[in-house]
Amino acid sequence: MESFQDRLIAALQDRIPNSRCPLCQQSDWEVAPGTYLFRQHIHTPGGESIGNALPSGALVCKVCGNTQFVNLLVYGDAFKGDL
């Protein structure tokens, strides 16, 4: 079975084949291991905290360290087992 990193790289290459870092303009990326979960918190007048979560993969530019997060929900069931 392919690793999470290999599958995310393949999925991104299909959608954005020539991606470049917006800071240094290089195209030398690596995928950080594992997934990241960003939580949305909405505080209600009653003091409750409600919200959704955004599962993401992290791309790190190997030249300058810029880190970009991609929403794994966009890829449907491709990463369902990783969440």
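Please refer to the structure higher up on the page.
Residues numbered from 1 in each chain as written. Predicted model: local features only at pLDDT ≥ 70, side-chain atom pairs only at ≥ 80, totals over all residues. Heavy atoms only, no water.

Looking now at the nonpolar core. Membership of the largest hydrophobic core comes to 13 residues, with the highest contact counts inside it found for Phe-4, Leu-8, Leu-12, Leu-59 and Phe-79. At the level of secondary structure, the elements contributing two or more residues to this core comprise helix H1 (4-15), strand S1 (29-31) and strand S5 (53-61). When residues of this core are assigned to their parent elements, the largest contribution, 4 residues, is made by H1. Excluding residues within four positions of it along the chain, Phe-4 makes contact with Val-31, Ala-32, Gly-34, Thr-35, Gly-57, Leu-72, Phe-79 and Asp-82. (Core = buried A, V, L, I, M, F, W, Y, C linked by side-chain atoms within 4.5 Å. Buried < 20%, exposed > 50% of the residue type's maximum accessible area, 1.4 Å probe, protein only. Helix = DSSP H or I, 4+ residues; strand = E, 2+ residues; numbered from the N terminus. Contact = heavy atoms within 4.5 Å.)

Turning our attention to the side chain of Arg-7. Mapping Arg-7 onto the fold places it in helix H1. On the basis of relative accessibility, which here comes to 18%, the residue Arg-7 falls in the buried class. A polar side-chain atom of Arg-7 sits 3.4 Å from the main-chain carbonyl oxygen of Glu-2. With residues near it in sequence (within four places) discarded, Arg-7 still touches Glu-2, Ala-78, Phe-79 and Asp-82. (Polar contact = N/O pair within 3.5 Å; in protein donor to acceptor, adjacent residues only side chain to side chain.)

Of the pairings in the sheet, the one linking S1 to S5 comprises 3 bridges and is antiparallel in character. Of the residues in S5, the one forming a bridge with Val-31 is Leu-59. Note that strand S2 (residues 36-39) and S5 share 4 bridges and pair antiparallel. Paired with Phe-38 across the two strands is Leu-54, which belongs to S5. As defined by bridge partners, S5 adjoins strand S6 (residues 67-71) across 5 bridges and the pair is classed as antiparallel. Within S6, the residue paired with Val-60 across the bridge is Thr-67. (Pairing = 2+ DSSP bridges.)

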